[in-house]
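The primary structure of each chain is shown beneath.
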Amino acid sequence: MNPFPGFTLSPELELLRDQVRRIVHDEIIPAEKRVDPDAEDLAEEDYHRIVAKTKAAGLWSLAAPEQYGGGGVNTFGMSVILEEMSQHRMGLYNPGCGVFGRYPPPVIYGGSEEQIQKYAVPTLRAGSYTFFAITEPSGGSDPAGSIQCRAVRDGDTWVLNGTKIFISHAHEANWGVVFVRTDPTKGRKGISCLIIDQGTPGFTARPFRTIRTVSLPNEVSFEDCRVPAANMIGKEGDGLDLCMDLLTKQRFPYSACNLGVARAAHRLAVAHAKQRSTFGVPLSQRQAIQWMLADAEVELRATRYLIWDGAWKADRGEDARVEASVAKLYSSEMLGRVIDNAVQIHGGYGVTKEFPLERWYREARVRRIGEGPSEVHRMVIARALFR
Amino acid sequence: MKTLVTVKRVPDPESTIRVKPDGSGIVTENVKYVINPFDEIAIEEALRIKEKQGGGEVVLVSIGAKVVSEQLRTGLAMGADRAIFVACEQELDSLAVARLLAKIVERENPELLVMGKQAIDDDANQAGQMLAALLGWPQATFASKLEFSADQKSVQVTREVDGGLETIGFALPGVITADLRLNEPRYASLPGIMKARKKEIKEISVSELGVDITSRLKIQKLTPPAKKQGGKKVETVQALVDLLHTEAKVI
């Protein structure tokens, strides 16, 4: 007997992954073909039809805590699942087109039971969008230093003034969370997290267009915007402590989406190289093409283990911040390279909207900036080296 | 009602099947395996019968190498109650399969047997019919709709036959084989997957069943289908008929 048999996925997780793969293949991809290549969502009737199936199969809200109607799947499990869930045209910014549910910002679980029941539970049930407003024009990667958005206590309300930027879904979501400075003298400990309802007077969200044509970011402004004190998540000054651990955990499923889309692009490239001939020779026989695809294959395999390794660590409750940066940095840059080559291999077809490649190509560029740009993640990794 | 459903492990119809150079079989490395799609429909139907009748048991049975337990586990995750696995490493012909299944039926005494109409690997389409004959049970193959009597003692089966639909009825027990349009199988749910872990898969050896499984069939050679050629346009019906006769040799 082999005393160290090595690692395999549990049969349960494999089966779960297969179910998700089937739904993407049999339901989502055909439905996606019925809407515009740049569409943000599926047609209403398709969405509801597929959701009825995923809900019946208990595949809805897999990552949410069980006591709030979710599947309670951990970070590792979700990383495995999102690698499948993202393998379609809208997959990078709308994995599964939302048919497996959408999640509120995880910081909400740091709130009171009342807040969770009022905000998180209905959102999980409906699979609706929410927003997470932390980045400001003064910078996004150093919230402790750069948050200028102020909240001043006045009786049982907080009065907000300031601006947030690049806040996806802020114009369409029912609610979201905003990080504000409640005490300018305390640095990191002076930042708190508040729940904002859509339509609160003094709150405005202005969407603007980017290279990514969906999930439009917003400029969000607060002008004497009054928020009930009861909307504070956790205690005053706890804002960043509440979200950092959860943000770290989120990096792994996020990176798994990069991996999933890269795998989908790679698969298209391999298939195209097999069937397309130039000067009487299939592309698959050309060394220039073979090397692109061989390198992509290596990078895809490497990415998977970087993600899994970090996700395991996070699930064991260990500090996985460096692993999160490694996974996020490598997966997003790998995605850029793999898609770039897939487009090149497809030639002119690669930049048409007949294939999902051009959309992935554009959206992939954003992945090296959003959720912390590559440089900041390199900084985190380097800092750990010299600690 | 107690329903027995047969499950065969087959290569995923989505995967590319390649024939070994010597024609002795297919290349099995890196091939993904799934439940035979018609068997999946059979499982779904059995589950629906149980749900509709508000009780009963769905028992899966499969024959093959140890790995078939993967497919049984999938069926259990869909909602079947337990499974039986007949361990057998050698290739079986349809008659051997039917004989083994007949023994299982003797032991289990189900009121109904639902099978896929055929397995998509060898497309034999024989096991169900042979099994019904061995048991002396009525059979309804290629089923597209089932309707049970109020007392659940008999069933009306709509069958997809050449040229239309035929409805036949029989008193249970009996054998039904599922066609494509009988239902749309459900996805295994997360709770179902977790529950399946604890469900029983009982292993039985061929010798325990005392069945002669000597194969009467031998596969001589497999050949891949001819490569698809591009089509051509013809001017007249006469030209088409001529080509079908002289070139394609189909009329």
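What you see is a predicted model, and the numbers here were worked out from it, not measured in a lab.

## Section: the overall build of chain A
The number of helices and strands found in chain A is ten helices and ten strands. Relative to the globule expectation of 21 Å for 387 residues, the C-alpha radius of gyration of chain A, 22 Å, shows essentially globular dimensions. In terms of overall dimensions, chain A has a C-alpha envelope of 80 × 50 × 40 Å along the principal axes. Evaluated residue by residue, chain A yields a buried proportion of 51% over its 387 residues. When contacts within chain A are restricted to residue pairs at least 6 apart in sequence, those whose partners lie at least 24 apart make up 72%. Surface exposure of chain A reaches about 17,700 Å², of which carbon and sulfur atoms provide 55%.

## Notes on the pairing of strand β9 (residues 164–171) of chain B
When strand β8 (residues 154–161) of chain B meets β9 of chain B, the two strands line up antiparallel, connected through eight bridges. Across the sheet, the residue bridging to Q156 of chain B is G169 of chain B, located in β9 of chain B.

## Focus: the interface of chain B and chain A
Many analyses report the size of an interface as the accessible area lost when the parts associate. The interface is formed by 15 residues belonging to chain B together with 18 residues belonging to chain A. Buried area between chain B and chain A, summed over both chains or domains, comes out near 1,400 Å², and the portion from carbon and sulfur atoms is 60%. By the criterion of area lost to chain A, the three top residues of chain B are Y187, L190 and I193 of chain B, representing 51% of everything that side buries. Run the count over chain B and chain A and you get four salt bridges. Here E12 of chain A makes a salt bridge to R197 of chain B, at a shortest N to O gap of 3.6 Å.

## Looking at the side chain of D179 of chain B
Residue and element names in this part refer to chain B. On the secondary structure map, D179 appears in the loop between β10 (174–178) and α5 (190–196). Within the structure, D179 has its side chain in polar contact with the side chain of K117 (distance 3.2 Å). Beyond its immediate stretch of four places on either side in the chain, D179 contacts F38, I41, K117, F142, A143 and E160.

## Overview of a nonpolar patch on the surface
Side chains of V237, V241, V250 and I251 of chain B sit close together on the surface and give an oily, nonpolar patch of about 380 Å² of accessible area. Overall, the relative accessible area of 55% leaves I251 of chain B in the exposed class.

Cut-offs applied
- Residues numbered from 1 in each chain as written.
- Chains lettered and ligands numbered in written order.
- Predicted model: local features only at pLDDT ≥ 70, side-chain atom pairs only at ≥ 80, totals over all residues.
- Heavy atoms only, no water.
- Helix = DSSP H or I, 4+ residues; strand = E, 2+ residues; numbered from the N terminus.
- Rg over C-alpha atoms; globule rule 2.2 N^0.38 Å.
- Buried < 20%, exposed > 50% of the residue type's maximum accessible area, 1.4 Å probe, protein only.
- Contact = heavy atoms within 4.5 Å.
- Areas by Shrake-Rupley, 256 points an atom, 1.4 Å probe, with all protein chains shown as cover.
- Pairing = 2+ DSSP bridges.
- Buried area = accessible area lost by both parts, 1.4 Å probe.
- Salt bridge = Lys/Arg side-chain N within 4 Å of Asp/Glu carboxyl O.
- Polar contact = N/O pair within 3.5 Å; in protein donor to acceptor, adjacent residues only side chain to side chain.
- Patch = residues over 30% accessible without salt bridge, like charges linked within 9 Å, V, L, I, M, F, W, Y side chains within 5 Å.

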